[in-house]
Amino acid sequence: MKIPQRLEPLVEDGLVDAVMRQLMSGKEAMVYVVRCGDDVRCAKVYKEANHRSFRQSAGYTESRKVKNSRRARAMEKGGRYGRKAQEDSWQSAEVAALYRLSAAGVRVPRPYNFADGVLLMELVTDADGNAAPRLSELVLTAEQSRAYHRTLITQVVRMLCAGVVHGDLSEYNVLVGSEGLVIIDLPQAIDASGNNNARRMFERDIDNLTAYFGRFAPELLSTDYGREIWSLYENGQLHPEIELTGRFERSDKPADVDSVMREVDAAYQEEAARQRYKQEMGQ
């Protein structure tokens, strides 16, 4: 096939030897099957912002740090350079998430290179060597559904232990490969501890999985893994091998406001005493 314009620099630089075919066109990127030496991989070509149906939002980009102060200011102001900086940050977020999650033992496509807005990564295949189908394309038995649901819950726990929330997880972002399920599409991944929307997005991810697998195994619809997992995470009790119940009991016990206010007052008094001591020592 004719080499797409966005892939030409990678071919010229020897990162890609041949473009074999287009694999898919999604809301955020075009994906091609390419040959790199003896290996067959896929190249994810990110769409420009004005050609994407999935829009960046403050909910996703909150807490993403830009080390270069000039770029950070430009991103805040907008303008051509600022928009370019935002695009670079958006695209590199997926690359960073893939490396981070791979190191944490989460099954995601192995990343190989990122250049000129193109991500080279593993081509996930089925048992016959063909591109693996998405989970949404399958009709599952109740037994398969329970097993896949259990696998993905384990994976999202590992993701959260690594400090990452997918942010758009559903049956459309999971591939069924020859070696099991693989989570894909992570440009909107968010920092679990630094984003005020993390809990809401995490619970939405879990709700999406529950709704899908509940079609084939209705008993899953009564589980509440999202709030259970997040509660364990908030309390510092979450770890990759934790045994989950799928249940969560919200505490109806009223907050002890008086106790909280006493602690705040004590802290205030302690700080005031510290400041007085510093002033006396400085005299």
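Each chain carries its own residue numbering, running from 1 in the written order of its sequence. Per-residue local features of the predicted model are confined to residues with pLDDT of at least 70, and side-chain atom pairs are confined, for both listing and counting, to 80 or more; whole-chain, interface and lining totals are unaffected and use all residues. Calculation of side-chain values draws on the structure's entire complement of heavy atoms; hydrogens and water are dropped beforehand.

K.L.:
Give a detailed account of the sheet that holds strand β5 (residues 118-122), specifying residues and quantitative values.
P.N.:
Note on pairing: DSSP must find at least two bridges between two strands before they are called paired. Helix numbering and strand numbering both begin at the N terminus, where a helix is a DSSP run of H or I of at least 4 residues and a strand a DSSP run of E of at least 2. Taken in spatial order, the 5 strands line up as β1-β2-β3-β5-β4 in an open sheet, and their pairing is antiparallel. Edge positions in the open sheet fall to β1 (18-25) and β4 (111-115), since each of these has one partner strand only. Taking each pair of neighbouring strands and ignoring which way they run, the sheet shows an average axis angle of 25°. Where β1 meets strand β2 (residues 29-36), 6 bridges bridge the pair, whose relative direction is antiparallel. In the strand pairing of β2, Q22 is matched with Y32. Geometry is summarised by axes, namely lines fitted to C-alpha atoms with helices restricted to the contacting stretch, and by angles between N-to-C directions that run from 0 to 180 degrees.

K.L.:
An account of the packing of aromatic side chains is needed here, citing residue identities and associated values.
P.N.:
The rule is short: rings of Phe, Tyr and Trp, with Trp giving its six-membered ring, pair when the centres are within 6.5 Å, and they are stacked under 30 degrees, edge-to-face over 60, tilted in between. Scanning the entire structure with this criterion turns up 5 aromatic pairs. Relative to F114, the ring of Y46 lies with its centre 6.4 Å away and its plane at 80°, an arrangement referred to as edge-to-face. One end of the pair, Y46, is in strand β3 (residues 39-46); the other, F114, is in strand β4, with 68 residues separating them in the sequence. Owing to a relative accessible area of 29%, F114 belongs among the partly exposed residues under this scheme. Between the aromatic rings of Y212 and F216, the centroid separation amounts to 5.5 Å while the plane-to-plane angle is 75°, which identifies the pairing as edge-to-face. Overall, Y212 belongs to the buried group, its relative accessible area being 3%. Using a 1.4 Å probe on the protein chains alone, a residue whose accessible area is under 20% of its type maximum counts as buried, one over 50% counts as exposed, and one in between counts as partly exposed.

K.L.:
Describe the packing of helix α5 (residues 142-161) against helix α6 (residues 198-214), with residues and values.
P.N.:
Relative to each other, α5 and α6 sit at 170°, their axes nearing to 10 Å. Considered as vectors, α5 and α6 are oriented roughly antiparallel to each other. Contacts from S145, Y148, H149, L152, I153, V156 and L160 in α5 reach F202, I206, L209, T210 and F213 in α6. Under the scheme applied here, ten amino acids are nonpolar (Ala, Val, Leu, Ile, Met, Phe, Trp, Tyr, Cys and Pro), four are charged (Asp, Glu, Lys and Arg), and all others, including Gly, are polar. Classifying every residue of the contact of α5 with α6 by side-chain character gives 9 nonpolar, 3 polar and no charged. Here the word oblique covers every angle except those under 35 degrees (roughly parallel), over 145 (roughly antiparallel) and from 65 to 115 (roughly perpendicular). Contact criterion: two residues are considered in contact whenever any of their non-hydrogen atoms come within 4.5 Å of each other.

K.L.:
Account for the pairing of β2, with residues named and values stated.
P.N.:
A large share of β2 lies buried, amounting to 6 of its 8 residues. Here β1 folds back onto β2, and the loop between the two strands holds 3 residues. Sheet topology places β2 next to β3; 8 bridges connect them, and they run antiparallel. Within β3, the position partnered with V34 by the bridge is R41. Connecting β2 to the antiparallel partner β3 that follows it, the hairpin turn spans 2 residues, and G37 within it adopts a positive phi of roughly 65°.

K.L.:
Describe in detail the environment of I242, supporting the description with residues and values.
P.N.:
Mapped onto the elements of the fold, I242 is located in the loop between α7 (225-234) and α8 (257-282). A relative accessible area of 19% places I242 in the buried class. Spatially, the C-alpha atoms of I242 and L232 are 9.6 Å apart, while their sequence positions differ by 10 residues. Residue contacts for I242: discarding those within four places in its chain leaves V157, L232 and Q237.

K.L.:
A description of the side chain of S170 should follow, citing residues and the corresponding values.
P.N.:
Within the fold, S170 resides in the loop between β6 (164-165) and β7 (174-177). Exposure remark for S170: the relative accessible area of 12% places this residue in the buried category.

K.L.:
Describe the packing of α5 against α7, naming the residues involved and giving the relevant values.
P.N.:
With their axes 11 Å apart at the nearest point, α5 and α7 run at an angle of 25° to one another. By the criterion of interaxial angle, the relationship of α5 to α7 is roughly parallel. α7 is crossed by α5, and the crossing has right-handed handedness. Along the contact surface, α5 presents H149, I153, V157 and L160, while α7 presents Y225, I229, W230 and Y233. When the near helix sits turned anticlockwise from the far one by under a right angle, the crossing is termed left-handed; a clockwise turn instead gives a right-handed crossing.

K.L.:
Can you explain α5? Please cite residues and give values.
P.N.:
Helix length check: α5 (20 residues) gives 29 Å between terminal C-alpha atoms against 28 Å at 1.5 Å per residue, within 8%. Among the residues making up α5, those that are buried are S145, H149, L152, I153, Q155, V156, V157, M159 and L160. G163 occupies a position one or two residues after α5 and carries a positive phi of about 85°. Here the expected length of a helix is defined as 1.5 Å per residue gap, with one fewer gap than residues.

K.L.:
Describe the confidence of the model for the chain, listing the residues and the values that go with them.
P.N.:
Per-residue pLDDT for the chain has a mean of 85; in total, 73% of the residues score no lower than 70. On a range of 0 to 100, pLDDT expresses the predictor's confidence in each residue. When the criterion is pLDDT under 50, residues 51-56 qualifies, and its contacts beyond four places in sequence or with other chains add up to 17 contacts. Confidence drops under pLDDT 50 across residues 71-75; counting only partners more than four residues distant or on other chains, this segment forms 12 contacts.

K.L.:
I'd like a description of the pairing of β3, backed by residues and values.
P.N.:
β3 sits mainly inside the fold: 6 of its 8 residues count as buried. Relative to β5, β3 is paired through 5 bridges, and the arrangement is antiparallel. Directly across from R41, in β5, lies its bridge partner E122.

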